[in-house]
Amino acid sequence: MPNQNPPANTPALFAPTIVNTDSIEINAVFNTTLTELFFTRIIDGSFVIHHAALVDGHWTEPEAIQMFAEQEGESVAIDPSINQEGDIMYFLGISPADHANKAKPDIYRSQKVGGTWQLASKVGAPVSTDEYAESYPVVVADGSLYFTSDRPGSLGKRDIYRAQYVGDGEFETPVNIGPEVNSELGERSTYVSPDERFLITANTYTDEGGFAVSFKENGRWQRPRHFDLGEPLAKDWIYFCPYMSPDNRYFFFSRRYSDPVGSGWAGVTKGEVYWVDAGVVFGL
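Residues numbered from 1 in each chain as written. Predicted model: local features only at pLDDT ≥ 70, side-chain atom pairs only at ≥ 80, totals over all residues. Heavy atoms only, no water.

A. Structural detail: the sheet that holds strand 23 (residues 237-244). Strand order in the open sheet formed by four strands is 1-25-24-23, with antiparallel pairing between adjacent strands. Looking at strand neighbours, the two that pair on one side only are strand 1 (12-13) and strand 23, the edges of this open sheet. Sheet analysis places strand 24 (residues 250-258) next to strand 25 (residues 268-277), joined by nine bridges and oriented antiparallel. Among the inter-strand pairings, Ser 254 is bridged to a residue of strand 25, identified as Val 273. (Pairing = 2+ DSSP bridges. Helix = DSSP H or I, 4+ residues; strand = E, 2+ residues; numbered from the N terminus.)

B. View of the packing of aromatic side chains. A full pass over the atoms with the stated rule returns 30 aromatic pairs. Residues Phe 14 and Phe 30 carry aromatic rings whose centres are separated by 6.2 Å and whose planes lie at 75° to one another, so their mutual orientation is edge-to-face. With a gap of 16 residues between them, Phe 14 in the loop between strand 1 and strand 2 (25-30) and Phe 30 in strand 2 connect regions that are remote in the sequence. By the burial criterion, Phe 14 is buried, and Phe 30 matches it. The residue whose ring lies beneath Arg 151 is Tyr 161, and the NZ or CZ to ring-centre distance is 5.6 Å. For the cation-ring pair, Arg 255 lies above Trp 237, with the distance from its terminal atom to the ring centre recorded as 4.2 Å. (Phe/Tyr/Trp six-rings, centres within 6.5 Å; stacked < 30°, edge-to-face > 60°. Buried < 20%, exposed > 50% of the residue type's maximum accessible area, 1.4 Å probe, protein only. Lys NZ or Arg CZ within 6 Å of the ring centre and 35° of its normal.)

C. Fine view of the pairing of strand 20 (residues 211-217). Counting buried residues along strand 20, five of its seven residues qualify, which places the element largely inside the surrounding structure. By the bridge criterion, five bridges tie strand 19 (residues 198-202) to strand 20 in an arrangement that is antiparallel. Counted as the bridge partner of Leu 199 is Ser 214 from strand 20. Across three bridges, strand 20 lies against strand 22 (residues 225-227) in antiparallel orientation. The residue bridging Val 213 from the neighbouring strand is Arg 225, located in strand 22.

D. Spatial organisation of the nonpolar core. Among the nonpolar cores identified, the biggest contains 46 residues, and Phe 14, Met 67, Met 89, Phe 91, Ile 200, Phe 227 and Phe 251 are the most heavily contacted of them. Once you skip the residues sitting within four places of it in the chain, Phe 251 turns out to touch Ile 200, Phe 211, Phe 227, Leu 229, Pro 242, Tyr 243, Met 244, Tyr 274, Trp 275, Val 276, Ala 278 and Val 281. (Core = buried A, V, L, I, M, F, W, Y, C linked by side-chain atoms within 4.5 Å. Contact = heavy atoms within 4.5 Å.)

E. Representation of unusual backbone geometry. Of note, the amide linkage connecting Ala 125 to Pro 126 takes the cis form, showing an omega dihedral of 10°. The step from Asp 259 to Pro 260 runs through a cis peptide bond, and the omega angle for that step is 5°. Assignment of secondary structure puts Pro 260 in the loop between strand 24 and strand 25. Backbone geometry at Tyr 136 places phi at a positive 50°, although glycine is not the residue there. Secondary-structure assignment places Tyr 136 in strand 12 (residues 134-139).

F. Structural view of the sheet that holds strand 12. Within the open sheet, the four strands sit side by side as 12-13-14-17. Their pairing is antiparallel. For this open sheet the edge positions go to strand 12 and strand 17 (175-176), each flanked by a neighbour on one side alone. Summarising the sheet, strand 12 and strand 13 (residues 145-149) pair through four bridges and their orientation is antiparallel. Its bridge partner lying in strand 13, Ser 135 is registered against Thr 148.

G. Structural context of the pattern of salt bridges. Overall, the coordinates contain twelve salt bridges when judged by the stated rule. A salt bridge links Glu 134 to Arg 151; the nearest nitrogen and oxygen atoms lie 3.1 Å apart. Residue Glu 134 is located in strand 12, and its partner Arg 151 is located in the loop between strand 13 and strand 14 (159-163); the two are separated by 17 residues in the primary sequence. Taking relative accessible area as the criterion, Arg 151 reaches 12% and is therefore assigned buried. Glu 180 is the partner of Arg 220 in a salt bridge, and the nearest nitrogen-oxygen pair spans 2.4 Å. Remark: Glu 180 occurs in the loop between strand 17 and strand 18 (191-192) and Arg 220 occurs in strand 21 (residues 220-221); sequence separation between them is 40 residues. (Salt bridge = Lys/Arg side-chain N within 4 Å of Asp/Glu carboxyl O.)

Put into structure tokens, the structure is as follows:
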């Protein structure tokens, strides 16, 4: 982790000056060995994934990763998820051309070759579609993908699906993970542990807001339960991008503020990444 005292039971701003700056930053994640750090920063209207590496005990200055060949126009590369081997990244993407055409988001894939992350390509059907939105990809230990989509068969606005990986970059038809987690309200911002033992998603199940955790029992996800972050939620901020560090010691999340309130990403003025001791989750 960056040179910073670890948080206890109260969330702390993560890696000031490295991740959190005066810009808008969100969704910090790591590779499994905790030697590479990824997060998204908004630059000139584009959502750009940044990367830093742990070298001789120090983190390198974060650098933007070019994901799309075309450089003109706004684009989106956000919500990265790294496979167990550390050489494949999935993320929510909208290319500059698709952004100009107001296309819905898709799932993209980038591979690290010779230490360099390559230009990304869209994950094809049956994961990405032309008609529907796909977002919040999470790759688990066997290479399978969880993601959210508003495709037919959803119980709400967007549901969480799982696509079994079959090798060579191919996936089986995605399967809705079920009504225990998915609801008519729509699910978003989901993290799934590599062993698929638990998932953390936005809390749409009770009035508290924030996040909720579901543990898998006998092969079935249980109804998610809200957990307290250790402090009251900041009024008018949106909480999202849950993530557990690979050693299960720290829970990460992002929050953003828009002005005017309710204006969404169009009016966002601040985005921050926080971390807190994972006991807030596992204490349940």
